Structure formats: structure tokens, C-alpha cells
Amino acid sequence: MVQVRNLQKDYSGRRAVDGVSFDIARGETFALLGPNGAGKTTTVEILEGFRRRSGGEVSVLGEDPARAGLAWKARLGVVLQGAGQAGVLTVREQIRQFAGFFPRPRDVDEVIAAVGLDEQAGMRVSKLSGGQQRRVDVALGIIGNPELLFLDEPTTGFDPVARREFWAMIRMLSAEGTTILLTTHYLDEAAQLADRVGIVVGGKLRAIGPVDEIGGTHARVPIVRWREDGRSHERRTTEPAVFVADLVARAGGEPADLEIIRPSLEDIYLGLVAEDTRPADAADLDAAPSLETNR
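Note that the structure is a prediction, hence the values are computed from the model and not measured.

## Digging into the overall build of the chain
When its secondary structure is counted, the chain shows 10 helices and 12 strands. Overall, the chain is about 75 × 50 × 35 Å in size when its C-alpha atoms are taken along their principal axes. When the 295 residues of the chain are sorted by exposure, 46% land in the buried category. Put simply, 67% of the contacts in the chain that link residues at least 6 apart link residues at least 24 apart. Surface summary for the chain: the accessible area is close to 14400 Å², and the carbon and sulfur share equals 48%. When the 36 positive and 43 negative side-chain charges of the chain are each reduced to one mean point, those points stand 4 Å apart.

Quick look at the structure:
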């Protein structure tokens, strides 16, 4: 569904995306992660056709986004960080209007139910809470029955209950065969939803792979921590249970403050980000307004 080879993007001589390469398979949910300014949003906007690349090759649904036409765009669903919906329309009116832009849209009421806005369907969008307006954004992204759905920070502003409901909706879309590219700052969200993740730091793809394998074998080695003789101790081991059993036998009892830590996606992500040595004056290029557009 998506092929990216040696993608590059320069801004005034500064390289924001530097040789990024990855594929996304049909039906896969792929999370692209990275701190602000890392290059992930620029990468996604190039895939969506909103920005032109400086170098490399990109294929999305078999076409180059820089040259693709309306028929290609109708096969995509895009949920931006902020869509700015027309507040004078009701939820149903807004979604029905967008449905008319696509050749084979989903049923309007089905989409309203899927995003949990049944009770608000007759309300003006301007009267909704921030989280409910975000659900409208998602509804507009899926109303066209897209083959490929881009979700850019989709649950920003959601309360914990709303986030869990949203995750259920994304799993439903994935089960129906929708390919999804997700960006998020919530690492638990990526771990819950993604089949694979890619971590972009300093414009480069630092790691890519299944959620439970990202970072490689060494990064996944458990850590045993305990206190002994008034000092803190730490040991990495592939056999934490055996090590703890030996530790207990040697100490003649339960060691103080004993814990076994199995590195999570968040631990690995933070470790990769900490290795980034870009200068402090490297601006958040991802936050810059998109002035280049193919739409």
C-alpha cells in the first residue's frame, strides 16, 4: 500500500527528513512515532500529497502522491491534527456533505454510530465538546470508505474512556481491511493499535519492526533491580527468574526493593530519543504550516 525509499525533505538548506525508507502492507496498522520536529509529520504530509519531497521515491496505492489525481485522493482518508469543521452545520449535515465528495461512501448513520455520536447527530458541531469535535474529524476521515487512512494525533483531547472507545473503532476498521498509518505521542496507544512501528528521530528512521520486537533483542533484555547493603543494584539478564532465585538464596530472603522491569515500547522510544544530538536551534519543522500542496 505504501512504499518509501530514501525519502528526503529540505527546508532552506536544513534536512528535515533524511533517507527514510519503509513499507506498509495492505490491512496493516503502522504507527510512525517521534518527538516534535523529528520529521514524522513532514513524512506523512508527503505521503498524503500535501508536501513535495526533495528526493527519494514514494508510492502510495501504486501512485506518486506528487502527481496523483482526484481518483487517487478519493481512496484516502485523512484525519489531520485540527480540521476546523464548519460549526453552523449539525453533525449529520457535516458528515452527509462530505459523503457527497466520494464515489462509494459509507452509510452516514453507520459512521455516526461508529464514532459514538448518535446522541449528538442533530447538534451543531460548534456546540460539541473538543473530544466530540475530534470524533467528527474521524468520521469525516472514514466516510469515504478509504483503502488507506491517515490518523494524525487522533485522540488528542480525549478523556481515558473516549480513547478506549476510539481504539475499539480503529480495531473495527482494521478488521474490515482498512490500512492505517497512525501518528501519536501516546506510546500506549501505538502499542495497543499498531502491528508495526517506526521511530523517527532527527529526520532519520532509527528503528522499525513489530511492537514486541522494536529496538532489537538487546533493548528487550529484562532488568532486575534491588537494594543490598544500602546500595542500589541493577542487572540485565535474559533469565530474570533464575537470577532472582539465586539472589534470594544468596541473601537468605527477599531482597529489598526488588523489581523486574521488562522494557516497554515507551522505554525503547525514550532511549532512542535521548540519543538524538541535534542542535537546540533545530526548529520544529513539523509544526510549520504547509505551503506546498498538491491538492
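We are not done yet, so read on.
## Comments concerning the pairing of strand β3 (residues 29-33)
Burial runs high along β3: five of the five residues are buried. Neither face of β3 is left uncovered, since the one carrying T29, A31 and L33 and the one carrying F30 and L32 both have all their residues buried. Across four bridges, the pairing between β3 and strand β7 (residues 179-183) is parallel. Its bridge partner lying in β7, A31 is registered against L182. As paired strands, β3 and strand β8 (residues 196-201) are joined by four bridges and run parallel to one another. Residue L32 lies in a different strand from β8, and its bridge partner there is G198.

## Some remarks on the packing of aromatic side chains
Summed over the entire model, instances satisfying the criterion amount to three aromatic pairs. When the centroid spacing of 5.2 Å and the interplanar angle of 10° are considered together, the rings of F22 and F30 count as stacked. On the basis of relative accessibility, which here comes to 0%, the residue F30 falls in the buried class. Directly above the ring of Y11 sits K9, whose terminal nitrogen or CZ lies 5.3 Å from the centroid. Here R163 stacks its cationic end above the ring of Y186, 4.3 Å away from the centre of that ring.

## Observations concerning the sheet that holds strand β12 (residues 256-261)
A sheet is described by the order of its strands in space; here three strands give the open sequence β11-β10-β12, paired in antiparallel fashion. On the outer flanks of this sheet lie β11 (231-236) and β12, each paired with one strand and no other. The average undirected angle you get between the axes of adjacent strands in this sheet is 15°. Along the sheet, helix α9 (residues 240-251) contacts β10 (223-228), β11 and β12; its crossing angle with β10, the most-contacted strand, is approximately 15°.

## Regarding the pairing of strand β2 (residues 14-24)
When a strand is regular, its side chains alternate between the sheet's two faces. The sheet contact formed by strand β1 (residues 2-11) and β2 spans eight bridges and is antiparallel. In the sheet register, V4 faces β2, and the bridge partner there is F22. Linking two consecutive strands that pair antiparallel, namely β1 and β2, is a turn of two residues; a positive phi of about 50° is found at S12 within it.

## A word on the pattern of salt bridges
All chains considered together, the criterion is met by 18 salt bridges. A salt bridge links E165 to R135; its shortest N-O distance comes to 2.9 Å. With E165 in helix α6 (residues 160-175) and R135 in helix α5 (residues 130-142), this residue pair connects regions lying 30 residues apart in the sequence. Taking the relative accessible area as the measure of exposure, E165 reaches 44% and is therefore partly exposed. Given the relative accessible area of 13%, R135 is considered buried.

## Here's the deal with the environment of Y186
Of note, Y186 is situated in the loop between β7 and α7 (187-193). Take Y186: its relative accessible area is 32%, and that puts it in the partly exposed class. Measuring from C-alpha to C-alpha, the distance between Y186 and M123 comes to 30 Å, with 63 residues separating the pair along the chain.

## Quick look at the sheet that holds strand β5 (residues 76-79)
Spatial ordering of the open sheet is given by β5-β6-β7-β3-β8-β9, a layout of six strands whose pairing is mixed. The outermost strands of the open sheet, each flanked by one partner alone, are β5 and β9 (204-210). This sheet shows a mean twist of 15° between the axes of neighbouring strands, independent of strand direction. Across four bridges, β5 lies against strand β6 (residues 148-152) in parallel orientation. Bridging across to β6, G77 finds its partner in L149. The strands touched by α5 within the sheet are β5 and β6, with β5 carrying the most contacts at an inclination of about 165°.

## Some words on the packing of α5 against α6
Interaxial distance between α5 and α6 falls to 12 Å at its minimum, and their mutual angle equals 5°. Judged on the interaxial angle alone, α6 and α5 are roughly parallel. Seen from α5, the contacting residues are R135, V138 and I142; seen from α6, they are A162, E165, F166, M169 and L173. Its residues placed into classes, the contact of α5 with α6 shows six nonpolar, no polar and two charged.

Criteria and cut-off values
Residues numbered from 1 in each chain as written. Predicted model: local features only at pLDDT ≥ 70, side-chain atom pairs only at ≥ 80, totals over all residues. Heavy atoms only, no water. Helix = DSSP H or I, 4+ residues; strand = E, 2+ residues; numbered from the N terminus. Buried < 20%, exposed > 50% of the residue type's maximum accessible area, 1.4 Å probe, protein only. Contact = heavy atoms within 4.5 Å. Areas by Shrake-Rupley, 256 points an atom, 1.4 Å probe, with all protein chains shown as cover. Lys, Arg positive; Asp, Glu negative; His and termini not counted. Charge placed at Lys NZ, Arg CZ, Asp CG, Glu CD. Pairing = 2+ DSSP bridges. Phe/Tyr/Trp six-rings, centres within 6.5 Å; stacked < 30°, edge-to-face > 60°. Lys NZ or Arg CZ within 6 Å of the ring centre and 35° of its normal. Axes fitted to C-alpha atoms, helices over the stretch in contact; angles between N-to-C directions. Salt bridge = Lys/Arg side-chain N within 4 Å of Asp/Glu carboxyl O. Parallel < 35°, antiparallel > 145°, perpendicular 65-115°, else oblique. Nonpolar A, V, L, I, M, F, W, Y, C, P; charged D, E, K, R; others polar.

It is worth stressing that arrangement in space is one thing and function is another; only the former is reported here.
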